[in-house]
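Overview (structure and organization)
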Amino acid sequence: MAKKEIDGEGLDIPNRIKALPVRRTGPIVAAVIVALFAAMLIQGLVTNERLDWPTVWKYLFNENVLNGVRYTLELTVISMVVAIILSVILAVMRKSINPVLRGVSWFFIWFFRGTPVYTQLVFWGLFSVLVPKLSLGIPFTDVSFWSIDSSVVVTAFNAAWIGLALNEAAYLSEIVRAGLEAVDSGQTEAAEALGMGRTLIMRRIILPQAMRIIIPPTGNETIGMLKSTSLVLAVPFTYELQFATNAIANRLYKPIPLLLVACIWYLFITSVMMVLQARLEKHFGKGFDARPVGTKGKQPPYDPPYPGRSDGEQRDDVAKLNQATFTGLNA
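Residues numbered from 1 in each chain as written. Predicted model: local features only at pLDDT ≥ 70, side-chain atom pairs only at ≥ 80, totals over all residues. Heavy atoms only, no water.

Stated formally: UniProt positions are given in the numbering used here, feature names are shortened, and annotations may be inferred rather than shown by experiment.
An unreviewed UniProt entry lists the protein under the name ABC transporter permease subunit, with Bifidobacterium avesanii given as the organism. According to its UniProt record, the protein has this under Sequence similarities (unreviewed entry): "Belongs to the binding-protein-dependent transport system permease family."

**A look at a nonpolar patch on the surface**
Going by this rule: Patch definition: residues above 30% relative accessible area lacking any salt bridge, with like charges linked at up to 9 Å and the nonpolar side chains Val, Leu, Ile, Met, Phe, Trp and Tyr linked at up to 5 Å. Only the protein chains shown count as covering a residue, and every accessible area follows the Shrake-Rupley method with a 1.4 Å probe. Salt bridges are identified by distance alone: a Lys or Arg side-chain nitrogen within 4 Å of an Asp or Glu carboxyl oxygen. Type-normalised accessible area, obtained with a 1.4 Å probe on protein chains alone, sets the label of each residue: buried when under 20%, exposed when over 50%, and partly exposed for intermediate values.
Nonpolar side chains collect at one region of the surface, where Val-29, Ile-33, Leu-36, Phe-37 and Met-40 lie side by side and expose about 510 Å² of accessible area between them. Classification of Val-29 as partly exposed rests on a relative accessible area of 45%.

**So, unusual backbone geometry**
Quick reminder of the rule: Secondary structure elements follow DSSP: runs of H or I no shorter than four residues count as helices, runs of E no shorter than two count as strands, and numbering proceeds from the N terminus.
That bond from Val-235 to Pro-236 is cis: its omega, 5°, falls within 30 degrees of zero. Among the structural elements, Pro-236 can be located in the loop between helix H11 (198-228) and helix H12 (241-252). Despite not being glycine, Asp-52 has its phi angle at roughly 55°, a positive value. Mapped onto the secondary structure, Asp-52 falls in the loop between helix H2 (25-47) and helix H3 (53-59). Residues other than glycine seldom take positive phi values, yet Tyr-253 does so here, at roughly 60°. Its place among the elements puts Tyr-253 in the loop between H12 and helix H13 (255-284).

Rendered as C-alpha cells:
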C-alpha cells in the first residue's frame, strides 16, 4: 500500500496524464529486414549444391585435418606465450631510465613492425643457411667450447613459432606499454613511499591494474595469431590446418568444401578464445565496475528512516540511495 502511495497510484489526481509508450517502428522494421536477409543467407548456404556439404562433413574430422588443428593450436599457444613474455620485457625496457635498454627496445619494435611477417618467416626458414653452426665460446675470437648444427636446433616447427613470436612481441609491447602508462602515477609514488622496490611495484601494483586494459587487445592479437599460422608455409612448415586442407583439396580437385572445413575449425577455435577472453576481462575487471548503492525503489518517506544496506538487499540495485551523516570539518 505504501508503494502505491509513493508512485501516486490509487490517488485521486485531477487532470492526470495517462502516458502511452512511444511506438518505435524503425527498430522493428530494421530487425525484420535484417532477419529476412539472414534467413536468405542461411537458406542459400544450405541449399547451394556447389558447396558440397557431404564432402565437408566427410573431411571435417579427417585425421590429417585434426593433425593440422593440433599443430595450429601448438603454434598459436607457444608463439603467444613467448610473445607476451617478450612484450612485457620490451615495454619495461621502453620505460627504463637506461638509454641503452630504451634504444634496444625501440630498435626491436621498429624492425619487426616494419617488415612483413611473411618475409621474417622466410628468413627464419633460411636460418641454417645463414648461420650453419651455433657455438659458445669467447666473443670476437675463434675459440669455441661447444657447437651444434643450427638445423638441429632451428627445425621447421621451431623456426615457425620463433618467427611468429618475435613479430607478435613487437606489437604486443606497444599494447603493454599503453596499459602500463594508463595506470596513475600516484600508484607508483604511493608504493615507493611504502618502501617497495621498482620490480615489486611493477609486479604487484602496476601490472595487475594494467591487465584490465591489456587483455582486450591481446585477445584480438591472439585470434590474429591463430590465423597468421597459415603463413608458416614460408618456413616451410607444412602441417598446420590451412596446408592440410589445401593438400586434400588438391588431391580431390574440390577446393571449396575443404576451405569450408578450415573455416569451420577456425571459427570454432576463435569462439572458444573469445569465451576465454571474456572470462579474463571479467576477472581482471574486478573492482573497476560501477556498483550503485542504496535501496531500489525506495523514495521518501523512508522506512526505516535512514536505510543502509541490509542483509536481504541486492548489491547492484540501481535506484538505491546511500545516506550518511558526517561530523567534523570538511576539508
